[in-house]
Amino acid sequence: MALAMELGGVRKGEEQGLLLACQLAREELTGMLKPGVVPADCAGRFAPAVAKMGLCDWLALRRAVEPGKFTAGDVTVETGRGDPSHLRRQALRQMAPYLTDPAFFLWEVKG
C-alpha cells in the first residue's frame, strides 16, 4: 500500500480508495497463482505487483470520474490523463513465473 501511494502521488483523503483497490488486486493476483504457490513463494515480487495492479485500477477509476479539462474565461487547463494499464502489464510480467497461463485450458473430448 505504501508503495502504491508513493508511485501514484496519492492525495490526503484518497488512501481508503487505494487500500480497497490494493485489497482487490491482492485477491485477483492470489487467484492467478499456480497451484501450490503462495504469495510468500514469489521472491519478493508479490507485494510490488499488488501495489502496481491496485494503483492501476485506482488511477483508472479516478481518471474516469475527474474532469480532464476545464476552462476559466479564456484559459483552458487540461490535466494528464495517461493510460495506467502499463502498471498492470508490468506487474503481470514480473509475476509470470508464478502465474497460471491464462491462455491455456484443457478441453475434454469424449470419443
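Right, let's walk through the structure included here.

Conventions we followed
Residues numbered from 1 in each chain as written. Predicted model: local features only at pLDDT ≥ 70, side-chain atom pairs only at ≥ 80, totals over all residues. Heavy atoms only, no water. Helix = DSSP H or I, 4+ residues; strand = E, 2+ residues; numbered from the N terminus. Polar contact = N/O pair within 3.5 Å; in protein donor to acceptor, adjacent residues only side chain to side chain. Contact = heavy atoms within 4.5 Å. Core = buried A, V, L, I, M, F, W, Y, C linked by side-chain atoms within 4.5 Å. Buried < 20%, exposed > 50% of the residue type's maximum accessible area, 1.4 Å probe, protein only. Expected span 1.5 Å × (residues − 1). Arc of directions from axis to C-beta.

A few points about the side chain of arginine 88
And step 1. Within the secondary structure, arginine 88 sits in helix H4 (residues 85-95).
And step 2. In terms of polar contacts, arginine 88 uses its side chain to reach the side chain of aspartate 57, at 2.8 Å.
And step 3. Those residues within four positions of arginine 88 in sequence are excluded, and the remaining contacts are Glu28, Met53, Cys56 and Asp57.

Points about the nonpolar core
Nonpolar side chains tend to gather and get buried jointly when the protein is soluble and globular.
And step 1. If you look at the biggest cluster of nonpolar residues, it comprises 23 residues, and the most contacted ones within it are Leu18, Leu29, Leu33, Phe46, Leu55, Trp58 and Met95.
And step 2. Where this core is concerned, the elements lending two or more residues are helix H2 (15-32), helix H3 (46-65) and H4.
And step 3. Ranked by residues supplied to this core, first place goes to H3 with nine residues.

Examining H2
And step 1. Taking 1.5 Å as the rise per residue, H2 with 18 residues should run 26 Å; its terminal C-alpha atoms sit 26 Å apart, in good agreement.
And step 2. Looking at H2, one finds that the buried residues are Leu18, Ala21, Cys22, Ala25 and Leu29. Angular distribution of buried residues about the axis of H2 spans 100°; they occupy a single face of the element. Facing away from the buried side of H2 by over 90 degrees, the exposed positions are Gln16, Glu27 and Gly31.

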